[in-house]
Amino acid sequence: KKTKAGDIVIIAGDLGLFWSKKTTDVKLKALEELAAERDVEYLFIDGNHENFTMLEALPLEERYSGQVGKVRDHIYWLRRGEVYIIEGKTFFCFGGALSIDRHYRVPFESWWPQEEPSSVDMANAINNLNKIDYKPDYIITHAAPPLLLKSIRGFTFIDFHDPAQEFLDKIVTMLTTENPNFKKWYFGHYHIDRFSNKHGFYALYEKFKLIK
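Every chain is numbered independently, its residues counted from 1 as its sequence is written. For a predicted model such as this one, the threshold for reporting local features is a pLDDT of at least 70, and the threshold for listing and counting side-chain atom pairs is 80 or more; totals across whole chains, interfaces and linings nevertheless cover every residue. The side-chain values count all of the structure's non-hydrogen atoms but skip hydrogen atoms and water molecules.

**Q** Honestly, the overall build of the chain in this entry has me stumped. Any pointers?
**A** A count of helical and extended segments in the chain gives five helices and eleven strands. Computation of the radius of gyration draws on C-alpha atoms, with the globule rule given as 2.2 Å multiplied by the number of residues to the power 0.38. The C-alpha atoms of the chain give 16 Å as radius of gyration, which agrees with the globular expectation for 212 residues (17 Å, within 12%). Each of the three principal axes of the chain carries a C-alpha extent, and together these read 40 × 40 × 30 Å. Split by element, the accessible area of the chain, about 11200 Å² in all, is 53% carbon and sulfur. The sign given to each residue is positive for Lys and Arg and negative for Asp and Glu; His and the chain ends receive no count. Charged groups are reduced to one reference atom each: NZ for lysine, CZ for arginine, CG for aspartic acid, CD for glutamic acid. For the chain, the centre of its 28 positive side-chain charges and the centre of its 30 negative side-chain charges are spaced 6 Å apart. Put simply, DSSP H or I for four residues or longer makes a helix, DSSP E for two residues or longer makes a strand, and each gets a number counted from the N terminus. Each accessible area is a Shrake-Rupley result for a 1.4 Å probe, and residues are judged covered by the shown protein chains and nothing else.

What follows is the structure, given as structure tokens:
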């Protein structure tokens, strides 16, 4: 979908640009030029296919009332557990997910253990949600709670324990209880585009959704 000047694009994980330094620099330069040309800002949460060494080296700054990692002008990393105010709406963001194929990849070359949320990430999320009484307008995550995933995809993997999914499982009840009228929950880990009418949950992969 075409963007217009002033738009903000939020990517629900696996940006696909952070890998080797050489390819990352080329791709980020191209995206920065595109963003500047179109006057668009690109925001993203981390997925499980990221070079976390590069992400964690990004300079941090305050933006959208939360802490972001600055990639380039017009490109920012929305960090785990932060709550942002974007165009007057509150967004709770929580990246990360466990790779089911991690045993076949090379540590710190094609896989990073930081894909798994840490206790610090989880504490930051709880602290920031408490500040807004568990009432964000929108929720952007990479993984999804197992119950939600089953309702959308129709199944979950037996005996696959993803700390990101399990953490989200702990807070989904509080989120939906305290804020039953939250607008939408978007997540991008599962390579499907599917919507659950029951609670406004979107699994996104190739599609874009307009946030109003």
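**Q** Help me understand the side chain of Asn 128, please; the structure alone is not making it clear to me.
**A** Residue placement: Asn 128 occurs in helix H3 (residues 119-131). Buried means the residue's accessible area, taken with a 1.4 Å probe over protein chains only, is under 20% of the maximum for its type, while exposed means over 50%, and partly exposed covers the values in between. Judged by relative accessible area, which is 10%, Asn 128 ranks as buried. Any two residues whose heavy atoms approach within 4.5 Å are treated as being in contact. In this structure, Asn 128 is in contact with Gly 81, Glu 82 and Val 83, ignoring residues within four places of it in sequence.

**Q** Hey, could you run me through the nonpolar core in this one?
**A** Looking at soluble globular proteins, one finds that nonpolar side chains tend to be buried together. Among buried residues, the Ala, Val, Leu, Ile, Met, Phe, Trp, Tyr and Cys ones that are joined through side-chain atoms within 4.5 Å form a nonpolar core. By size, the foremost hydrophobic cluster in this structure holds 25 residues, and its most contacted members are Phe 92, Leu 168, Ile 171, Leu 175, Trp 185, Phe 187 and Tyr 190. Elements with a contribution of two residues or more to this core: strand S7 (89-94), H3, helix H4 (146-153), helix H5 (163-178), strand S9 (184-187) and strand S11 (201-203). At six residues, the largest contribution of residues to this core is made by H5. Excluding residues within four positions of it along the chain, Leu 168 makes contact with Phe 94, Thr 141, Ala 143, Ala 144, Pro 145 and Trp 185.

**Q** Sorry, what's going on with the pattern of salt bridges here?
**A** It is possible for side chains bearing opposite charge to pair when their charged atoms get close. Salt bridges, as used here, are contacts in which a Lys or Arg side-chain nitrogen is within 4 Å of a carboxyl oxygen on Asp or Glu. Per the counting criterion, the structure on display carries ten salt bridges. The partner of Asp 101 in a salt bridge is Arg 105, with the nearest N and O atoms 3.1 Å apart. Look at Asp 101 and you get partly exposed, because its relative accessible area is 30%. The salt bridge partner of Lys 183 is Asp 137, with a shortest N-O separation of 3.5 Å. Residue Lys 183 is found in the loop between H5 and S9, and its partner Asp 137 is found in the loop between H3 and strand S8 (138-141); the two are separated by 46 residues along the sequence. The partly exposed category is assigned to Lys 183, whose relative accessible area is 31%. Among the charged side chains, a network of salt bridges with common partners joins Glu 41, Glu 61 and Arg 63.

**Q** Please explain the environment of Ala 57 as it appears in this structure.
**A** If you trace the backbone, Ala 57 turns up in the loop between helix H2 (52-56) and strand S3 (60-63). The exposure class of Ala 57 is exposed, given its relative accessible area of 60%. Separated by 104 residues in the primary sequence, Ala 57 and His 161 have C-alpha atoms spaced 28 Å apart.

**Q** For this particular structure, what's the right way to read the sheet that holds strand S10 (residues 194-196)?
**A** Within a sheet, adjacent strands bond to each other through the backbone by hydrogen bonds, running parallel or antiparallel. Pairing between strands requires that DSSP locate at least two bridges from one strand to the other. Taken in spatial order, the six strands make up an open sheet running S6-S7-S8-S9-S11-S10, and their pairing is mixed. Of all strands in the sheet, those bounded by a partner on one side alone are strand S6 (83-86) and S10. Direction aside, neighbouring strands of the sheet carry axes that sit 20 degrees apart on average. With respect to the sheet, H3 is in contact with S6 and S7, its orientation differing from that of S7 by roughly 160 degrees. Angles here are taken between N-to-C directions and fall from 0 to 180 degrees, while the axes themselves are lines fitted to C-alpha atoms, restricted in helices to the stretch in contact.

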